[in-house]
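# Coordinates in review
The residues making up each chain are set out below.
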Amino acid sequence: MEKLLDVEDSPERETGPKAKRKKSEGNAPQGCIDLTEDSPTCSSKQQQQTTTTDKLSVISWNVDGLDTDNLANRAKGLCSYLVSHTPDVVLLQELIPNYIRNLKKWAVHKGYTVIKGGEDGYFTGMMLKKSRVQLLKSEIVTYPTTQMTRNLLVAKVSFKGQELWLMTSHYESCKENGKERMKQLRLVMQRMREAPDNVNVLFGGDTNLRDTEVAKVGLPSGVLNLWERLGKQEQCRYTWDTKVNTNKNIPQICRFRFDRVYLRPATREGVPHQTPDHMALVGLQKLHCGRYTSDHWGIYCSFSAE
């Protein structure tokens, strides 16, 4: 853990695409994002070798591509965390075409397969480390009543010879869209619940969920919330935190757990089932440009097979 976060209640505040675009109005989008140079926070001493471990490692992160200020430096910041943590799976939200185009070049060089959840505007994506995760099939599931072109990106993969389903999404933004968020949560939970019992299913993304909304929908039996299962660590409670993160220059203190990870372990007898054993926030260090990698913290987590 890079830093501990204090805990306090926070007021509701709009954090959707319209609010984020206000930051970048009047600023021309940067052209080529060069990710070939050394990343701002990368150190060879930080690098962790995961190719020999049996654990599955994942990073989920809303990278705030809609904010074009210092986008090149912030993209390099993302890459530095991917180098230092070497995750098997990366689940990304709020990508834009320029960001993913250049990130893909870097990712392919580093041995990742890249999957996109869209082509225009902003969308989600996944990165899979080829040496450990093999893509079998992917699909994009549209949310029928979304007003913000949101969807669910699903990848069926093989990890250490066992089928694993990966999901990521960016649920509807803004406080007033709670009903649509709950519809999207129900759809995802249904997909997780109905997966074959020999498959582990993992979801990570920017859900924009409030705890009251989750309580109304409820989680199916067998689906667990990673943060809750690992003891509700206070230092991991808030993933959108204006008390610490100054990227948006919001004067009010707003602290939410928008970014969440859900797991439905395999249940068939004799089949390895994934169990969460670690969770930490990443992106808590300012870059040399004076800003953070994103207005969201990323989530790094690992799982062991039992």
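Check the entry above for the structure.
This section reports on the structure supplied with the text. No experiment lies behind these values; they were computed from the predicted model shown.

Rules and cut-offs
Residues numbered from 1 in each chain as written. Predicted model: local features only at pLDDT ≥ 70, side-chain atom pairs only at ≥ 80, totals over all residues. Heavy atoms only, no water. Core = buried A, V, L, I, M, F, W, Y, C linked by side-chain atoms within 4.5 Å. Buried < 20%, exposed > 50% of the residue type's maximum accessible area, 1.4 Å probe, protein only. Helix = DSSP H or I, 4+ residues; strand = E, 2+ residues; numbered from the N terminus. Contact = heavy atoms within 4.5 Å. Polar contact = N/O pair within 3.5 Å; in protein donor to acceptor, adjacent residues only side chain to side chain. Expected span 1.5 Å × (residues − 1).

## Comments concerning the nonpolar core
Within the largest apolar cluster, 30 residues are counted, with the highest numbers of intra-cluster contacts made by Leu56, Val58, Val89, Leu166, Leu202 and Phe303. No other element matches the 4 residues that strand S6 (residues 151-159) contributes to this core. Ignoring sequence-local partners within four residues, the contact set of Phe303 consists of Lys55, Leu56, Val58, Leu202, Leu226, Val261, Leu263, Gln274, Thr275, Pro276 and Asp277. Judged by nonpolar contacts, the second largest core, of 29 residues, contains Val63, Tyr81, Val83 and Leu95.

## Some points on the side chain of Arg291
With respect to the element layout, Arg291 can be found in the loop between strand S13 (274-282) and strand S14 (298-305). Classification of Arg291 as buried rests on a relative accessible area of 10%. Engagement of the side chain of Arg291 in a polar contact is seen with the backbone oxygen of Asn247, the distance being 2.9 Å.

## Quick look at helix H4 (residues 178-194)
Taking 1.5 Å as the rise per residue, H4 with 17 residues should run 24 Å; its terminal C-alpha atoms sit 24 Å apart, in good agreement. Looking only at H4, the buried set comprises Gly178, Glu180, Arg181, Met182, Gln184, Leu185, Val188, Met189 and Met192. Looking at the buried positions of H4, the neighbouring elements they touch are S6, strand S7 (162-169), strand S8 (200-206), helix H5 (211-217) and strand S12 (259-264).

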